[in-house]
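So the chains spell out like this:
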Amino acid sequence: MFERCKKADILEKSGELLCRARVNVGRSGDILMIIPTAAAYKPNALYHVIFYDPVNGLVTCKCRLSTAVTLPGGDLCSLRCEVQDRLASRQRRQDVKVKVQINIMIHPTAMPGDTFRVPELGYPATIDNISAGGVYLRTGLPLEPGRRLWFNLRQTGEELTLSAQVLRTEKAACAPGSGKMFGYGCKFVNLLTRQETLLRSFVFQEERRLRQQERGR
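Residues numbered from 1 in each chain as written. Predicted model: local features only at pLDDT ≥ 70, side-chain atom pairs only at ≥ 80, totals over all residues. Heavy atoms only, no water.

Asks: Quick question: what am I supposed to make of the overall build of the protein chain here?
Replies: Each helix and strand in the protein chain was counted, giving one helix and 13 strands. Helices and strands appear in the protein chain in the N-to-C order β-β-β-β-β-β-β-β-β-β-β-β-β-α. For the protein chain, the spread of C-alpha atoms along the three principal axes comes to 65 × 40 × 35 Å. As displayed, the protein chain offers around 12300 Å² of accessible surface, 50% of which is attributable to carbon and sulfur atoms. (Helix = DSSP H or I, 4+ residues; strand = E, 2+ residues; numbered from the N terminus. Areas by Shrake-Rupley, 256 points an atom, 1.4 Å probe, with all protein chains shown as cover.)

Asks: How should the confidence of the model for the protein chain be read in this particular structure?
Replies: Detailed reading of predicted coordinates is not advised where the pLDDT is low. For the protein chain, per-residue confidence averages 85 on the pLDDT scale, and 92% of positions sit at 70 or higher. For the protein chain, helix H1 (residues 193-216) is the element with the lowest average pLDDT, namely 77, and strand S3 (residues 31-36) is the one with the highest, namely 95. (pLDDT = per-residue confidence, 0-100.)

Asks: What is the right way to read the pattern of salt bridges from this model?
Replies: Here the idea is simple: oppositely charged side chains can pair when their charged atoms come close. The final tally for this structure, using the stated rule, is four salt bridges. As a salt-bridge pair, aspartate 9 and arginine 20 come within 3.8 Å of each other at their nearest N and O atoms. Of this pair, aspartate 9 sits in strand S1 (residues 7-11) while arginine 20 is found in strand S2 (residues 17-25), placing the two residues eleven residues apart along the sequence. Look at aspartate 9 and you get buried, because its relative accessible area is 0%. For the salt bridge of arginine 138 with aspartate 128, the shortest nitrogen-to-oxygen distance reads 2.8 Å. Taken together, the residues arginine 138 in strand S10 (residues 134-139) and aspartate 128 in strand S9 (residues 123-130) connect sequence positions ten residues apart. The two residues arginine 138 and aspartate 128 agree in class, both being buried. (Salt bridge = Lys/Arg side-chain N within 4 Å of Asp/Glu carboxyl O. Buried < 20%, exposed > 50% of the residue type's maximum accessible area, 1.4 Å probe, protein only.)

Asks: What should I look at first to understand the side chain of arginine 138 in this one?
Replies: The exposure class assigned to arginine 138 is buried, which follows from its relative accessible area of 18%. Reaching out from arginine 138, the side chain makes a polar contact with the side chain of aspartate 128 at a distance of 2.8 Å. (Polar contact = N/O pair within 3.5 Å; in protein donor to acceptor, adjacent residues only side chain to side chain.)

Asks: What is the right way to read the environment of serine 66 from this model?
Replies: Considering the arrangement of structural elements, one finds serine 66 in the loop between strand S5 (57-65) and strand S6 (69-70). Distance in space between the C-alpha atoms of serine 66 and leucine 79 is 5.5 Å, their sequence separation being 13 residues. Contacts of serine 66, omitting those with residues within four sequence positions, involve Tyr41, Pro43, Asn44, Leu79 and Arg80. Here the side chain of serine 66 touches arginine 80 through a polar contact of 2.8 Å, landing on its backbone nitrogen. (Contact = heavy atoms within 4.5 Å.)

Asks: Please explain the nonpolar core as it appears in this structure.
Replies: When a protein is soluble and globular, its nonpolar side chains tend to lie buried together. In this structure, Ile127, Ile130, Phe151, Phe188 and Leu199 are the most contacted members of the largest nonpolar core, which totals 29 residues. Only strand S8 (98-108), S9, S10, strand S11 (148-153), strand S12 (160-171), strand S13 (182-189) and H1 provide two or more residues apiece to this core. At five residues, S8 tops the list of elements feeding residues into this core. Residues contacting phenylalanine 151, with those up to four places away along its chain left out, are Ile104, Met105, Ile106, Ile127, Val135, Leu160, Thr161, Leu162 and Phe188. With 23 residues, the next largest nonpolar core counts Ile10, Val23, Met33 and Cys63 among its residues. (Core = buried A, V, L, I, M, F, W, Y, C linked by side-chain atoms within 4.5 Å.)

Asks: When you look at the packing of aromatic side chains in this model, what are you seeing that I'm missing?
Replies: One pair of aromatic rings is described through two measures. These are the centre distance and the angle between the planes. Under the definition given, this model contains three aromatic pairs. One cation-aromatic arrangement involves lysine 7 over tyrosine 52; the distance from NZ or CZ to the ring centre is 5.7 Å. (Phe/Tyr/Trp six-rings, centres within 6.5 Å; stacked < 30°, edge-to-face > 60°. Lys NZ or Arg CZ within 6 Å of the ring centre and 35° of its normal.)

Asks: Which parts of the structure should I look at to understand unusual backbone geometry?
Replies: A negative phi angle is the norm for most residues apart from glycine, just as the trans form is the norm for most peptide bonds. One non-glycine residue, asparagine 44, adopts positive backbone phi at about 70°. Residue placement: asparagine 44 occurs in the loop between S3 and strand S4 (46-53). One non-glycine residue, asparagine 190, lies in positive phi territory at about 55°.

Asks: Help me understand the pairing of S10 in this model?
Replies: In summary, the side chains of a regular strand alternate between the two faces of the sheet. Of all six residues in S10, six are buried, a share of seventy percent or more. The hairpin turn running from S9 into S10, its antiparallel successor, is three residues long. Alignment of S10 against S13, held across six bridges, turns out to be antiparallel. What sits directly across from threonine 139, in S13, is phenylalanine 182. (Pairing = 2+ DSSP bridges.)

Structure (structure tokens):
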């Protein structure tokens, strides 16, 4: 089921994250997980596990986790994960967008006829929402559909350099005195498997955090 899956989240019954796991899938389909030894889980109990799979997308399953075997060094342990039921999945075309406010520096590719020059450090922009497939950002820099750009994203646990292509443009609301702003809907291009996995994980964590905030109001 998860031949290329390398990462998963194990959840408490409350939906809180219990721990993150590295995933190894054997030729027969057996799933082996590597988790921190300090993770407080009950052997042979059922847990919801979210697999980050580059083929199947984000897949939530009910799984039984075996007794753990401590690995050399003592910080990590391995256990077997037996999938009991597949509960939900999201393919890339169904990627959820989450609202964020992340300030970045964008670097558009140069094109003939450009009337602007982007500084070496980039041009300031703000990400309004993001998914594993694309991003919506606001900036004062005028860009046209088809233009490509790149930026660094540090909120995913490690710095990612992401490339995107502008699909649509629109005038964006701006604060008084901030000047003219444009909104750009972009799709990610040349996305590596690890980049997509980290993006899916980040989006899922943000979506869950926002749901918890709403429940706490």
